[in-house]
Amino acid sequence: MVKQREALDVDVLYVGAGPASLASAIHLKKNLLKANAQDETVIAIVEKSQAAGQHILSGAVMDPKAIQELFGQDWLSSGFPIEAPVIEDHVYFLTGKGWIPFVIHPPLMKNKGYFIVTLSEVVKWLAQEAEKLGINIFTGFPVSELIWDNGQVVGARIIDQMVDRTGQPK
C-alpha cells in the first residue's frame, strides 16, 4: 500500500529559515513585486524549529551594507534589532598569564561602523518582514529528503510526524 502524502505546490521553496534564506526570499519577492505589482508567485520557507530564529544561537558583528541594500537607508529606524554599534576596535594576543595588544591591526578585523547583533533576533525580524511581503514560513517541519525529477530538485519531503519507527501512528 502506497502512503498518500499531502502536497503543497509552491513556485519557490527554501529549506531552513536562516538569515541567508530569509534575505534571499525577501530580495526575490521585492524584485518580483517591482517587476509586477500584482505578482502572485508563491514563495515558501520550511523550518525545522518551532519558531524562526530558535536554532540560531550566536551573536555577530554585522556590516550594514547588505541590510541597507535589502531594506534601504531607513533600515535602522524600522526596528532592526541591533545590540550596539561598534565604536572602537582592539586586537590582543592572549597568553597564559594575560594579553598583549597587537601593534598591527589587520584590516579584516576592523569593525568600526558595524553593528553587534544577536542572530536569533535578526532572524526573527527578517521572518516578520518576509511574512509582511506574503512569504509563507512553515515552522516545525524538518525536511527528510529532496525530491528529484530528471536531475532537478522539484520539492522536499518533510519527516513523518506522529508515527513510530515502523510507520505506525503514535
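Residues numbered from 1 in each chain as written. Predicted model: local features only at pLDDT ≥ 70, side-chain atom pairs only at ≥ 80, totals over all residues. Heavy atoms only, no water.

Chemist: How do you make sense of the sheet that holds strand β2 (residues 43-47) when you look at a structure like this?
Modeler: Adjacent strands of a sheet form backbone hydrogen bonds with each other and so pair up, either parallel or antiparallel. If you trace the 3 strands from one edge of the open sheet to the other, you get β1-β2-β8, paired in parallel fashion. A strand with exactly one partner marks an edge of an open sheet, and here the two such strands are β1 (12-15) and β8 (136-139). The mean inter-strand angle of the sheet, taken between neighbouring strand axes irrespective of direction, is 20°. With respect to the sheet, helix α1 (residues 19-35) is in contact with β1, β2 and β8, its orientation differing from that of β2 by roughly 170°. (Pairing = 2+ DSSP bridges. Helix = DSSP H or I, 4+ residues; strand = E, 2+ residues; numbered from the N terminus. Axes fitted to C-alpha atoms, helices over the stretch in contact; angles between N-to-C directions. Contact = heavy atoms within 4.5 Å.)

Chemist: Would you mind showing me how to read unusual backbone geometry here?
Modeler: For residues besides glycine, phi is generally negative; the peptide bonds are generally trans as well. A positive phi angle is found at Asn150, which is not glycine, with a value near 55°. With respect to the element layout, Asn150 can be found in the loop between β9 (143-149) and β10 (152-158).

Chemist: Explain the pattern of salt bridges to me, please; I cannot follow it from the model alone.
Modeler: Two side chains bearing opposite charge may form a pair once their charged atoms approach each other closely. Summed over the entire model, instances satisfying the criterion amount to 4 salt bridges. Residue Glu121 pairs with Lys124 through a salt bridge whose shortest N-O separation is 3.2 Å. With a gap of 3 residues between them, Glu121 and Lys124 both fall in helix α3 (residues 119-132), about one helical turn apart. Across the pair Glu129 and Lys132 runs a salt bridge whose closest N-O atoms are separated by 2.9 Å. Residue Glu129 and its partner Lys132 are both found in helix α3; the two are separated by 3 residues, about one turn of the helix. The exposed category is assigned to Lys132, whose relative accessible area is 64%. (Salt bridge = Lys/Arg side-chain N within 4 Å of Asp/Glu carboxyl O. Buried < 20%, exposed > 50% of the residue type's maximum accessible area, 1.4 Å probe, protein only.)

Chemist: Before we go on, may I ask you to explain the pairing of strand β7 (residues 115-118) in this structure?
Modeler: The side chains of a regular strand alternate between both faces of the sheet. Of the two faces of β7, the one holding Phe115 and Val117 is buried and the one holding Ile116 and Thr118 is not buried anywhere. Looking at chain direction, strand β3 (residues 59-62) and β7 are connected through 4 bridges and run antiparallel. Residue pairing for β7: Met62 is matched across the bridge by Phe115.

Chemist: I keep staring at the nonpolar core and nothing clicks. Help me out?
Modeler: Grouped burial of nonpolar side chains is what soluble globular proteins tend to show. Core analysis: the largest hydrophobic core is formed by 24 residues, its most contacted members being Leu22, Ile45, Phe71, Phe80 and Leu126. Looking at this core, the elements that each hand over two or more residues are α1, β2, α2 (65-71), β7 and α3. The element best represented in this core is α3, accounting for 6 residues. In this view, Leu22 contacts Ala17, Ile45, Val123, Leu126, Ala127, Ala130 and Ile137; residues no more than four positions away in its chain are not counted. (Core = buried A, V, L, I, M, F, W, Y, C linked by side-chain atoms within 4.5 Å.)

Chemist: What exactly am I supposed to notice about a nonpolar patch on the surface here?
Modeler: Together, Leu13, Val15, Leu146, Trp148 and Val153 give the surface a local cluster of nonpolar side chains, amounting to about 460 Å² of exposed area. If you list the elements that add at least two residues to the nonpolar patch, you get β1 and β9. (Patch = residues over 30% accessible without salt bridge, like charges linked within 9 Å, V, L, I, M, F, W, Y side chains within 5 Å. Areas by Shrake-Rupley, 256 points an atom, 1.4 Å probe, with all protein chains shown as cover.)

Chemist: Where do I start with the packing of aromatic side chains in this structure?
Modeler: Given two aromatic rings, one states the distance between the centres and the angle between the planes to describe the pair. Across all of its chains, the model carries 5 aromatic pairs by this definition. Look at Trp75 and Phe80: their rings are 5.2 Å apart centre to centre, the planes differ by 80°, and that puts the pair in the edge-to-face class. Judged by relative accessible area, which is 3%, Trp75 ranks as buried. Overall, the relative accessible area of 5% leaves Phe80 in the buried class. Ring centres of Phe80 and Trp125 lie 5.0 Å apart, and the angle between their planes is 75°; this geometry places the pair in the edge-to-face category. Taken together, the positions of Phe80 in the loop between α2 and β4 (84-85) and Trp125 in helix α3 put the pair 45 residues apart, joining distant regions of the chain. An aromatic cluster is present here, built from Phe71, Trp75, Phe80, Phe115 and Trp125 joined pairwise through their rings. (Phe/Tyr/Trp six-rings, centres within 6.5 Å; stacked < 30°, edge-to-face > 60°.)

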